[in-house]
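One letter stands for each residue in the lines below.
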Amino acid sequence: MNQPNQPVELVNPFSSGTPDALIPQPCVLVIFGAAGDLSWRKLLPAVYNLNVDGLLPSHFAVLGFGIGSQGDPDEWIRRRAADGIQRFSRQPLEQTHWEDFSRSLFYVEGSFNDLSAYQQLKARLDMLDTQFGTGGSRVYYLSIPPQVVPVCVEHLKAAGLVGDAADPQRFTRVIVEKPIGRDLDSAREVLRDVAKSFAESQTYRIDHYLGKETVQNLMVVRFANSIFEPLWNNKHIDHVQITVAEEEGLTQRSRTGEPTGSRIGYYEGVGALRDMVQNHIMQLMCLTAMEAPYSLEPDMQRDAKMGVLRCLRPLTPEEVDRSVVRAQYIDGEIHGEQVPSYRHEVREFFSQRGQPIPQESTTETFVAMRVFVDNWRWAGVPFYLRTGKRLPKRASEVAITFKDVPQVLFNAKPEVPLEPTVMTLRVQPEEGLSLRIASKLPGPKVRIYPVKMEFNYASSFGGKTPEAYERLLLDVMAGDATLFMRRDAVEAAWEFVMPILQRWEQSRSRFLPEYRAGTWGPLEADRLIESDGRNWRTL
Amino acid sequence: MTNPATEPYAAMQPRRVWLKDVEAEIARQLRVIQGPTGVPINRARMSNLVIFCRQPEQVELVNQQIPTILGYHPCRVILLVGDDANQLGQAPVQAEVNVQASLSEKDQLIFSEQVTLHASGSDVVRRLPYAVRSCLVGDLPTNLWWADTVPPSLAGPLVYDLAESAQQVVYDSIGWAEPAKGLLATAQWLPKIERTYAQARGRWRSVADLNWRRLKYWRRLIPQALAPASTPGLLEGLSELTITHGPHAVVQACLLASWIACKLGWRVQAGHVEPGVELEWQIVAARGRHIVRIQRLSEGPPRVTQVQVRWQQAGQARSLRMLYETPTRLAVVPEDQSCQRRTITVPEQSLSELVARQLSDRDHDPVFLESMAVAQVFAQTILSRS
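Residues numbered from 1 in each chain as written. Chains lettered and ligands numbered in written order. Predicted model: local features only at pLDDT ≥ 70, side-chain atom pairs only at ≥ 80, totals over all residues. Heavy atoms only, no water.

Draft legend 1. Quick look at the side chain of Ser89(A). Residues and elements named next belong to chain A. Note on placement: Ser89 falls in the loop between helix 2 (73-88) and helix 3 (95-102). At 3.2 Å, the side chain of Ser89 and the side chain of Asn49 are in polar contact. Here the side chain of Ser89 touches Gln91 through a polar contact of 2.5 Å, landing on its backbone oxygen. Beyond its immediate sequence surroundings of up to four residues, Ser89 is in contact with Pro45, Tyr48, Asn49 and Gly84. (Helix = DSSP H or I, 4+ residues; strand = E, 2+ residues; numbered from the N terminus. Polar contact = N/O pair within 3.5 Å; in protein donor to acceptor, adjacent residues only side chain to side chain. Contact = heavy atoms within 4.5 Å.)

This is the structure:
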């Protein structure tokens with residue numbers, strides 16, 4: 001019935017020309033560092049949730065790679081995944097889903113530095129291609145220390161595990177986690193190293209903040225509502241505050257106070273500027289300040305974000321002193337419980353491991369800063385950025401404070417000053433949006449009171465919002481790079497923070513402002529904003 | 001969206017009121033649930049959901065779905081019960097109101113309301129579209145769920161009148177009594193009722209068949225199973241496609257066959273019917289002639305249960321089966337026993353969940369319309385034979 005010897009069509013006719021093209025494609029997800037904390041807490045639970053929700057490709061498997069397994073490697077990673085899912089997954093571990101998920105979960109034990117281990121990896125991947133019909137497509141998730149990234153990508157290429165970016169039949173994509181370098185030079189080195197093995201179109205630099213619903217909603221609110229965009233400029237906006245506040249310190253403890261886990265090994269010497277400002281907060285700022293991209297094409301959106309980074313006013317050393325505050329937490333109380341200082345956590349971490357205890361640490365756990373975007377839209381509008389650990393509560397938000405109304409009418413001689421209109425986009429914990437406006441209190445007298453109009457994702461739309469990692473993993477499998485950072489954006493963000501790092505390095509001061517755990521940061525941060533006649537928002 | 005974020009908390013008993021008093025009664029019931037302290041309340045309403053049905057058993061079925069729908073998609077429900085067979089009663093449209101509260105994950109009480117409008121007698125049923133207008137919440141999208149067993153395409157002008165203020169019409173082709181007739185009429189009706197934004201600006205409207213939504217996971221699995229990367233040679237040598245379905249799911253199977261035919265550029269040449277057992281079409285494609293077969297099982301769940309593809313490769317007959325491995329998992333069963341099954345989870349697809357998910361999904365679906373155009377040809381060949 002058929003005519004033989006017709007040329008083989010390379011493109012799948014089912015996936016062309018329809019929205020189905022954005023559906024995740026068959027592949028093997030290879031997690032480098034699968035034994036690590038991120039994999040245990042986030043990645044494996046995210047993949048499990050995608051399985052439960054029916055969002056994974058049918059032709060799919062997960063292969064962990066790294067060191068640290070005990071006994072049979074496949075059984076070990078399955079046990080570890082089950083433990084992570086039970087503790088951290090948004091959906092419970094259910095036997096039927098678990099059986100389906102776990103039978104496609106494997107582990108190859110090997111060192112990132114050992115080329116022969118990559119040959120074993122290749123052999124296993126070839127086998128999985130046959131078993132699961134994944135057709136040679138791969139997503140490599142590099143959940144590994146930044147210093148290992150260069151050798152890892154080099155060995156991947158040397159082992160023949162990186163396909164051609166133009167191959168229409170199969171794809172190879174790599175996900176690179178932050179931090180990308182610890183300064184501009186080292187970031188460029190990492191970017192160069194990755195680029196030796198992977199084309200830019202194959203590289204997905206992940207910032208999980210960009211996978212959160214509210215962050216994506218920022219663009220929708222701005223550009224899908226006609227009332228906001230006309231006001232979104234220096235004529236109507238007084239200032240913007242972006243806050244990423246965390247309750248947690250660097251050490252997790254049991255109820256009895258015993259350390260159960262720690263990020264000190266990563267954080268010490270890195271600090272809040274590199275950990276939060278250079279990536280998450282800068283990205284939030286870009287989404288808040290960017291011009292409207294003329295299409296939803298990934299590169300159009302990323303160009304628009306680059307437009308903001310290019311307009312950031314560079315900081316001179318004097319301006320760093322005036323506009324940037326860093327601090328470190330000392331002991332205090334969170335939710336009525338005593339918590340130790342950062343330096344105590346550092347000493348505890350290194351002494352437990354028998355490693356030399358660093359001199360009194362000057363790593364900042366808090367940063368507040370004033371930034372200007374020098375373009376037509378934002379000239380003169382300060383962006384106040386603040387992030388810290390051991391703050392009173394976990395809260396991340398972007399708050400747009402509009403200018404005061406003229407001092408006539410209700411604002412002529414107010415008994416109580418009118419509070420400005422504020423629009424807040426909450427990133428976490430309760431994703432949503434609120435608008436604070438002035439309203440008349442019921443009664444014969446004209447008394448004005450601020451009221452909040454709230455939109456809460458959960459109560460408005462129902463359902464539980466997927467984790468950011470779930471969305472981002474799906475995007476990589478579908479080949480959509482919109483929510484990932486492009487190389488030029490990474491460099492531009494580093495270029496902006498470098499004068500701050502250099503100034504801090506030059507000052508070599510052992511003095512670091514301190515703030516008590518459970519407070520909103522040091523007095524210096526209050527002075528920074530109060531000197532402009534403004535205040536930090538109460539969250 | 002995976003699970004509803006709310007759970008039922010309290011519901012007021014339905015109370016019959018005059019149509020003009022509906023809003024006042026909703027406000028009264030809200031105050032009762034609030035209690036004497038009058039605490040601030042959250043009224044979550046994403047849309048107006050207008051539901052039309054006729055038979056008491058349909059009304060009961062719809063009422064069972066509403067709590068779950070509200071958990072996913074909080075909205076004002078306006079349930080229309082049109083008993084046009086009752087020629088004796090010609091009373092005015094009667095309204096019944098009840099307010100329900102559910103508890104969110106954050107322990108917030110979230111309120112929603114249901115208005116049920118009863119119309120007896122064909123003249124009164126025709127007046128329902130006017131009655132609905134006074135009950136809609138302004139500035140919210142309106143969805144019409146046609147829950148009647150008669151296809152909307154065969155329901156006459158009532159569906160057009162009800163759809164006038166709706167941005168989406170949802171119907172369910174499962175269990176249609178005359179599947180081929182229903183498919184043909186619906187394929188011809190769709191271009192009349194569906195209006196793209198480009199055509200109609202503010203009066204755009206999309207149409208969705210829940211049966212098409214049920215096929216979502218088949219439509220996800222088949223491209224992966226048939227992809228040249230995962231099964232080389234299949235598309236080049238394809239000779240036969242057999243879709244097996246349970247009772248009441250022949251339209252679903254036809255929709256799936258139409259979608260595959262549409263994607264692969266097949267043209268129907270001739271059809272053969274063995275009533276209640278098997279439908280068969282001969283297909284002309286770029287690579288030759290194929291057979292498409294739809295087979296009915298005498299029992300089993302009302303859905304497509306298996307898709308089998310046969311093809312020739314290097315002179316050998318080969319076959320690939322896709323089927324429900326468990327009620328919530330579709331699997332590709334490879335010929336090679338040493339290979340793993342390729343699976344995809346099919347989250348529970350109860351009627352209420354399908355409706356709730358469809359309500360938020362108002363995108364114009366050109367693939368559905370293209371597939372329906374092919375289904376029309378399938379249906380025509382069957383009707384011309386019978």
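Draft legend 2. Highlighting the pairing of strand 17 (residues 432-440) of chain A. All names here are of chain A. One ladder, built from 5 bridges, connects strand 16 (residues 422-428) with strand 17; its direction is antiparallel. The residue of strand 17 that forms the bridge with Leu425 is Leu433. Connecting strand 16 to the next strand, strand 17, in antiparallel fashion are 3 residues. (Pairing = 2+ DSSP bridges.)

Draft legend 3. Spotlight on the pattern of salt bridges. All names here are of chain A. Applying the stated criterion across every chain, the model contains 57 salt bridges over all chains. Between Arg534 and Asp238 there is a salt bridge, and its shortest N-O distance comes to 2.6 Å. Of the two residues, Arg534 sits in the segment after helix 16 (523-530) while Asp238 sits in strand 7 (residues 237-245), which places them 296 residues apart along the sequence. Overall, the relative accessible area of 22% leaves Asp238 in the partly exposed class. (Salt bridge = Lys/Arg side-chain N within 4 Å of Asp/Glu carboxyl O. Buried < 20%, exposed > 50% of the residue type's maximum accessible area, 1.4 Å probe, protein only.)

Draft legend 4. The packing of helix 9 (residues 271-289) of chain A against helix 10 (residues 298-311) of chain A, seen in detail. All names here are of chain A. Where helix 9 meets helix 10, the axes come as close as 9 Å, and the angle between the chain directions of the two elements is 105°. Viewed along their axes, helix 9 and helix 10 adopt a mutual orientation that is roughly perpendicular. Here Met282, Gln283, Met285, Cys286, Leu287 and Ala289 of helix 9 lie close against helix 10, whose contacting residues are Lys305, Val308 and Leu309. The residue inventory of the contact of helix 9 with helix 10, partitioned by class, reads 7 nonpolar, 1 polar and 1 charged. (Axes fitted to C-alpha atoms, helices over the stretch in contact; angles between N-to-C directions. Parallel < 35°, antiparallel > 145°, perpendicular 65-115°, else oblique. Nonpolar A, V, L, I, M, F, W, Y, C, P; charged D, E, K, R; others polar.)

Draft legend 5. Unusual backbone geometry, seen in detail. Residue Lys178(A) is joined to Pro179(A) through a cis peptide bond whose omega torsion reads 0°. Tracing the backbone through its elements, the reader meets Pro179(A) in the loop between strand 5 (172-176) and helix 6 (184-197). The residue Ala314(B) is not glycine, and still its phi comes out positive at about 50°. Tracing the chain through its elements places Ala314(B) in the loop between strand 15 (304-313) and strand 16 (316-326). For Ala314(B), a relative accessible area of 83% gives the class exposed.

Draft legend 6. Summary view of the packing of aromatic side chains. Residues and elements named next belong to chain A. By the definition in use, this model includes 25 aromatic pairs over all chains. Aromatic pair Phe32 and Tyr118: ring centres 6.3 Å apart, planes at 25°, arrangement stacked. Linking Phe32 in strand 1 (residues 27-32) with Tyr118 in helix 4 (residues 115-132), this pair joins segments that are 86 residues apart in sequence. For the pair shown, Phe32 and Tyr118 are each scored as buried. Aromatic side chains Phe65 and Tyr118 sit 5.3 Å apart centroid to centroid with 55° between the ring planes, which places their arrangement in the tilted category. Here the residue Phe65 occupies a position in strand 2 (residues 60-66), and Tyr118 occupies one in helix 4, the gap between them amounting to 53 residues. This pair shows no difference in class: Phe65 is buried, exactly as Tyr118 is. Ring pairing ties together the aromatic residues Phe32, Phe65, Phe112, Tyr118, Tyr140 and Phe198, which thus form one cluster. We note Lys212 situated over the ring of Tyr209; from NZ or CZ to the ring centre the distance is 5.7 Å. For Arg313, the ring lying beneath its charged end belongs to Phe372, and the centroid distance is 4.4 Å. (Phe/Tyr/Trp six-rings, centres within 6.5 Å; stacked < 30°, edge-to-face > 60°. Lys NZ or Arg CZ within 6 Å of the ring centre and 35° of its normal.)

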